[in-house]
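Here is how the chains run, residue by residue.
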Amino acid sequence: MGCCTGRCTLIFLCTLQLLAALERQVFDFLGYQWAPILANFLHIIIVILGLFGTIQYRPRYIVVYAIWTAVWVTWNIFIICFYLEVGGLSKDSELLTFNISRHQSWWSENGPGCVRKEASMSGIKGLDSHSYISVIGCALEYRYIEVMHSSFQILIALVGFVYACYVVSVFTEEEDSFDFIGGFDPFPLYHVNEKPTNLLFKQTYL
């Protein structure tokens, strides 16, 4: 299969997915979003498996990758619904942090144009820390940034699913055609005719 075929396209898509997942993982770590962190970690492993299967001509690994892309699309649709507060979900809930902390997305305080306002905790003695009050001036709300991240992940996953199915079908056809011409036959047909021919030649010589 040439380099301009679906195999090379799938390699490119897996690489792009891997980079996007690593970028997302960094910001989820900064925001202590534990559920997305676990999902991203599993996603990175499966994408690496799919990339390995594509490079090494392993259709089974690509099938696992294709199945995971469907799960990954579902997860990102849930993330979009979570931040857009669809179906009773609330972006202010602690669902993504497993109710361990009240941390929100890193972009909620560090988005483009955001300015944090803090005030000293004068009411509590012995503390030099500051209390977060509000964030103003954001050019784009953090929930829309998260939605764009998830939408991009969905787009790549859908295209990757299509190319994964195509590459698996091509690999399967190549294996079937190779088996048809006797590629996996331990005793090809031409060996059957060699022994009688040699015997006839020896009898004629004698």
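This one's a predicted model, so the numbers in the text were calculated from it and none came from an experiment. (Residues numbered from 1 in each chain as written. Predicted model: local features only at pLDDT ≥ 70, side-chain atom pairs only at ≥ 80, totals over all residues. Heavy atoms only, no water.)

Visitor: Would you mind going over unusual backbone geometry with me for this structure?
Guide: Both trends apply: most residues other than glycine have a negative phi, and most peptide bonds are in trans. With phi around 60°, Tyr57 is a residue other than glycine that occupies positive phi space. Of the residues examined, Tyr57 reaches a relative accessible area of 37% and is grouped as partly exposed. In this structure, Glu85 takes a positive phi of about 60° despite not being glycine. With respect to the helices and strands, Glu85 occurs in the loop between helix 3 (59–83) and helix 4 (107–110). Of the residues examined, Glu85 reaches a relative accessible area of 35% and is grouped as partly exposed. (Buried < 20%, exposed > 50% of the residue type's maximum accessible area, 1.4 Å probe, protein only. Helix = DSSP H or I, 4+ residues; strand = E, 2+ residues; numbered from the N terminus.)

Visitor: Just checking my understanding: could you explain the packing of aromatic side chains for this structure?
Guide: Any pair of aromatic rings gets described here by the distance separating the centres and the angle formed by the planes. All told, the structure shown has eleven aromatic pairs when counted by the stated rule. Plain terms: the ring middles of Phe78 and Phe82 are 6.4 Å apart, the flat faces sit at 40° to each other, and that makes the pair tilted. Of this pair, Phe78 and Phe82 both sit in helix 3, four residues apart, which is roughly one turn of that helix. Here Phe78 falls in the partly exposed class, since its relative accessible area comes to 27%. Taking the relative accessible area as the measure of exposure, Phe82 reaches 2% and is therefore buried. When the ring of Phe82 is compared with that of Tyr83, the centres are 5.1 Å apart and the planes differ by 85°; the resulting orientation is edge-to-face. Since its relative accessible area comes to 3%, Tyr83 is described here as buried. Among the aromatic side chains, those forming a connected cluster through ring pairs are Trp75, Phe78, Phe82, Tyr83 and Tyr142. (Phe/Tyr/Trp six-rings, centres within 6.5 Å; stacked < 30°, edge-to-face > 60°.)

Visitor: Any chance you could explain the pattern of salt bridges here in plain terms?
Guide: Pairing of side chains with opposite charge becomes possible as their charged atoms draw close. This structure, assessed with the given rule, holds two salt bridges. For Arg143, the salt bridge identified is with Glu141, shortest N-O distance 3.2 Å. Classification of Arg143 by relative accessible area gives buried; the value is 17%. Here Glu141 falls in the partly exposed class, since its relative accessible area comes to 40%. (Salt bridge = Lys/Arg side-chain N within 4 Å of Asp/Glu carboxyl O.)

Visitor: Could you clarify how one ought to interpret the UniProt feature "transmembrane region" (unreviewed entry) in the protein chain in this entry?
Guide: The UniProt record annotates "transmembrane region" (unreviewed entry) at residues 34–55, 62–86 and 152–171. In the segment residues 62–86, helix accounts for 88% and strand for 0%; the C-alpha atoms at its two ends are 33 Å apart. (UniProt positions renumbered as here; feature names shortened; annotations may be inferred.)

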